[in-house]
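The lines below spell out each chain.
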Amino acid sequence: MEAMRLVVVGAAGRMGRVLIRAVTEAEGAVLAGAVERPGAAEIGQDAGTLAGLAPLDVAVTDDPEAAFAAADGVLDFTVPAATVVFAELAAQAGIAHVIGTTGLAASGEQAVADAAARTAIVKSGNMSLGVNLVAGLVEKAARALGPAFDIEILEMHHRKKIDAPSGTALLLGEAAARGRDASLEDEAVYAREGHTGARPEGAIGFATLRGGTVVGEHEVIFAGEGERVVLGHVAEDRSIFARGAVHAALWAHGREPGLYSMADVLGLND
Ligand SMILES: NC(=O)C1=CN([C@@H]2O[C@H](COP(=O)(O)OP(=O)(O)OC[C@H]3O[C@@H](n4cnc5c(N)ncnc54)[C@H](OP(=O)(O)O)[C@@H]3O)[C@@H](O)[C@H]2O)C=CC1
Ligand SMILES: O=C(O)C1=N[C@H](C(=O)O)C[C@H](O)C1
């Protein structure tokens, strides 16, 4: 069987460089393209060199349409505005789209859902095996512990992260809400300051820390009368996300159009 040809968009980013390495290390995948935004200093550079590898004979381009025309899938860890454009282009090209980008507004989420009617999209706030397993445990714990245990989600990331709360924190919040048969939209408390009043019953609270070079740390705290249950995940290296993304692309290759999650890819919904 022919190797799946993958394009990495946002190739010069923190994740982009790690994704290039993950594609070259994966069995059944080959790097077919690397895309950066128009005007980026890396346009024309070899993608392998950019990722700290030997040259791969793939030049970074600012033309995603041409890159997608010669590919089977795209790995996208960029910014929301770019992801919306890539979703449309991937749907037009009929290739799988793996979206790791976080912080999409409702309109962006809708654009992705529309594109998923035409091609297979895997989208997740966290592509690691560990976080997706923890999400399943969070749902179970929320169901078992019930409303007597208050749920608070704490996350810390590096100083350059531009969105909050993290996509992972939201994914864990959704899992907690599911476990309570509640809606995160109704229960989320994203910030507290000043005279807040007592904690509303059933609230799912979020706290965001930013600093240094932290790759990503999350804790879901179930705080009850005289005891706390804490479920957490520590990302030590971005390669966990990149390997998950390549795995998702291989899974999505040739699949029916639809919007899939990492839980689908990992078989956690079966
Ligand atoms: N789901 C998951 O498992 C994970 C998700 N993420 C998410 O991935 C995203 C990226 O994170 P990170 O790599 O740290 O961020 P970076 O800022 O390092 O990388 C983003 C890259 O995308 C580039 N870019 C922006 N616009 C375009 C465009 N129109 N065309 C092509 N490239 C473009 C940026 O270029 P420039 O800087 O020049 O604008 C930059 O190189 C974030 O949303 C983050 O939350 C991160 C890790 C794991
Ligand atoms: O921006 C990051 O770095 C990360 N973003 C994702 C998120 O928003 O949860 C995943 C990971 O935690 C790293």
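Residues numbered from 1 in each chain as written. Chains lettered and ligands numbered in written order. Predicted model: local features only at pLDDT ≥ 70, side-chain atom pairs only at ≥ 80, totals over all residues. Heavy atoms only, no water.

Looking at an unreviewed UniProt entry, the chain carries the name 4-hydroxy-tetrahydrodipicolinate reductase, with the source organism given as Amorphus orientalis. The record in UniProt for the chain states the following under Subcellular location (unreviewed entry): "Cytoplasm". Of the comments in the UniProt record for the chain, the one headed Subunit (unreviewed entry) reads "Homotetramer." (UniProt positions renumbered as here; feature names shortened; annotations may be inferred.)

A. Representation of the environment of Tyr190 in the model. Relative to the helices and strands, Tyr190 resides in the loop between strand S8 (188–189) and strand S9 (204–210). With 26 residues separating them in the primary sequence, Tyr190 and Ala164 have C-alpha atoms 9.0 Å apart. For Tyr190, the residues in contact, after removing those within four places along its chain, are Pro165, Leu170, Leu184 and Phe206. (Helix = DSSP H or I, 4+ residues; strand = E, 2+ residues; numbered from the N terminus. Contact = heavy atoms within 4.5 Å.)

B. View of the site of ligand 2. Residues in close proximity to ligand 2 include Thr102, Gly125, His157, His158, Lys161, Ser166, Gly167, Thr168, Val215, His218 and Phe241, which together make up its full environment. Here an oxygen atom of ligand 2 sits 2.7 Å away from a polar atom, N or O, in the side chain of Lys161. Contacts to ligand 2 include Thr168, whose side-chain N or O atom sits 2.5 Å from an oxygen atom. Taking 320 Å² as the accessible area of ligand 2 by itself, protein coverage stands at 85%. Tallied by class, the residues present in the shell around ligand 2 amount to 2 nonpolar, 8 polar and 1 charged. (Near = heavy atom within 4 Å. Polar contact = N/O pair within 3.5 Å; in protein donor to acceptor, adjacent residues only side chain to side chain. Areas by Shrake-Rupley, 256 points an atom, 1.4 Å probe, with all protein chains shown as cover. Nonpolar A, V, L, I, M, F, W, Y, C, P; charged D, E, K, R; others polar.)

C. Main features of unusual backbone geometry. Here Ala164 and Pro165 are connected by a cis peptide whose omega angle stands at -10 degrees. Here Pro165 lies in the loop between strand S7 (150–157) and helix H7 (167–179). Of note in the backbone geometry, Asp57 takes a positive phi value of approximately 65 degrees without being a glycine.

D. Inspection of a negative patch on the surface at higher detail. Taken together, the side chains of Glu217, Glu219, Glu236 and Asp237 present a region of like negative charge at the surface. With respect to the helices, strands and loops of the structure, Glu236 is situated in the loop between strand S11 (228–235) and helix H9 (239–252). For Glu236, a relative accessible area of 73% translates into the label exposed. (Patch = residues over 30% accessible without salt bridge, like charges linked within 9 Å, V, L, I, M, F, W, Y side chains within 5 Å. Salt bridge = Lys/Arg side-chain N within 4 Å of Asp/Glu carboxyl O. Lys, Arg positive; Asp, Glu negative; His and termini not counted. Charge placed at Lys NZ, Arg CZ, Asp CG, Glu CD. Buried < 20%, exposed > 50% of the residue type's maximum accessible area, 1.4 Å probe, protein only.)

E. Representation of the confidence of the model for the chain in the model. Summarising the model, the chain shows a mean pLDDT of 98, and 100% of its residues fall at 70 or more. Under the prediction, the complex receives an ipTM of 0.99, its pTM being 0.98. (pLDDT = per-residue confidence, 0-100.)

F. Focus on the packing of helix H6 (residues 129–145) against H7. The geometry of H6 relative to H7 is characterised by a closest axis approach of 7 Å and an angle of 30 degrees between their N-to-C directions. As far as their axial angle goes, H7 and H6 are roughly parallel. Where H6 crosses over H7, the two elements pack in a sense that is right-handed. Between H6 and H7, the contacting residues are Val131, Asn132, Val134, Ala135, Val138, Glu139, Ala142 and Arg143 on the first element and Thr168, Leu171, Leu172, Ala175, Ala176, Arg178 and Gly179 on the second. Of the residues belonging to the contact of H6 with H7, the class tally is 9 nonpolar, 3 polar and 3 charged. (Axes fitted to C-alpha atoms, helices over the stretch in contact; angles between N-to-C directions. Parallel < 35°, antiparallel > 145°, perpendicular 65-115°, else oblique. Left-handed = near helix turned anticlockwise from the far one by under 90°.)

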